[in-house]
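Fold and contact review
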Amino acid sequence: MQIAKVRGTVSSTQKDPSLRGVKLLLLQLVDENGNLLQEYEVAADNVGAGVDEWVLVSRGSAARQVLGSEQRPLDAAVVAIIDTIYVEDRLIYSKKDQDR
């Protein structure tokens, strides 16, 4: 899994029929220190994440293990909204602090 920040949404009127009704998010990847990387990715949203929230992204065949996504052509899926991240007893991210 990878940590990412939701930067926006992606919409498409023409797509594979299995993707109808699937919310797509534009994500910016985050490193282990909480720094935004210059890498972006589009992922299906399975948890109702919003812009500026930090999320966990599952990739590859694991993205299709989400219930209901087994037959969808997905490479990435948001599987969790992050509340906090600690690395070696140091707070890297807190959703509570971002909401202010």
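Relevant structure appears above.
Throughout what follows, the structure given in this document is the object of discussion. Within every chain, residues take consecutive numbers counted from 1 along the sequence as written. With pLDDT at 70 or above as the cut-off, local features in this predicted model cover only qualifying residues; side-chain atom pairs require 80 or more to be listed or tallied, and sums for whole chains, interfaces and linings still use all residues. Here the side-chain values reflect all heavy atoms present in the structure, with hydrogen atoms and water set aside.

Considering the overall build of the protein chain
- A helix here means a DSSP run of H or I that spans at least four residues, while a strand means a run of E at least two residues long, and both kinds are numbered starting from the N terminus. Counting its secondary structure elements, the protein chain contains one helix and seven strands.
- The linear arrangement of helices and strands in the protein chain, starting from the amino end, is β-β-β-β-β-β-β-α.
- Any two residues whose heavy atoms approach within 4.5 Å at even a single point are treated as in contact. Taking the intrachain contacts of the protein chain between residues at least 6 apart in sequence as the baseline, contacts between residues at least 24 apart amount to 49%.
- With residues, only the protein chains shown are counted as cover, and all accessible areas are computed by Shrake-Rupley using a 1.4 Å probe. In the structure as shown, the protein chain presents an accessible area of about 6,300 Å², 45% of it carried by carbon and sulfur atoms.

Section: the side chain of aspartate 31
- Tracing the backbone shows aspartate 31 in the loop between strand S2 (24-30) and strand S3 (36-45).
- Exposure is judged per residue with a 1.4 Å probe applied to protein chains only, and the accessible area is read against the type maximum: over 50% gives exposed, under 20% gives buried, and values in between give partly exposed. In this charge count, Lys and Arg are treated as positive and Asp and Glu as negative; neither His nor the chain ends contribute. Salt bridge, as used here, is a side-chain nitrogen of Lys or Arg placed within 4 Å of a carboxyl oxygen of Asp or Glu. Although aspartate 31 is buried, it forms no salt bridge, and the closest oppositely charged side chain is arginine 90 at an N-O distance of 8.2 Å.
- N or O atoms closer than or at 3.5 Å make up a polar contact, with two conditions inside protein: a donor-capable atom paired with an acceptor-capable one, and, for residues adjacent in sequence, both atoms drawn from side chains. Here the side chain of aspartate 31 touches asparagine 35 through a polar contact of 2.8 Å, landing on its backbone nitrogen.

Thoughts on the packing of aromatic side chains
- Paired rings are identified among Phe, Tyr and Trp, the last through its six-membered ring, by centres lying within 6.5 Å, and are further divided according to the angle between planes into stacked (under 30 degrees), edge-to-face (over 60) and tilted (the rest). Within the structure shown, the criterion is met by one aromatic pair.
- Summarising the aromatic geometry, the rings of tryptophan 54 and tyrosine 93 are spaced 4.1 Å apart at their centres and angled 5° between planes, so their arrangement reads as stacked. You can see tryptophan 54 sitting in strand S4 (residues 54-59) and its partner tyrosine 93 sitting in strand S7 (residues 90-94), a full 39 residues away along the chain. With respect to class, tryptophan 54 is no different from tyrosine 93; both count as buried.

Notes on the pairing of strand S6 (residues 84-87)
- Relative to S7, S6 runs antiparallel, the two sharing four bridges. Each bridged residue has a counterpart across the sheet, and for tyrosine 86 the counterpart in S7 is leucine 91.
- Here S6 folds back onto S7 in antiparallel fashion, the turn holding two residues, of which glutamate 88 has a positive phi close to 50°. Here, any two strands with at least 2 DSSP bridges between them count as paired.

Some thoughts on the sheet that holds S2
- The five strands lie next to each other as S1-S2-S3-S5-S4, forming a closed barrel whose pairing is mixed. Within this sheet the neighbouring strands show an average axis-to-axis angle of 55°, counted without direction. Only C-alpha atoms enter the line fits that serve as axes; for helices the fit covers just the stretch in contact. Angles between N-to-C directions range over 0 to 180 degrees.

Examining the pairing of S4
- Pairing between strand S1 (residues 2-10) and S4: four bridges, direction antiparallel. Note that in S4 the partner of alanine 4 across the bridge is valine 55.
- Bridge count for S4 against strand S5 (residues 76-81) is five bridges, and the pairing is antiparallel. Residue arginine 59 lies in a different strand from S5, and its bridge partner there is alanine 76.

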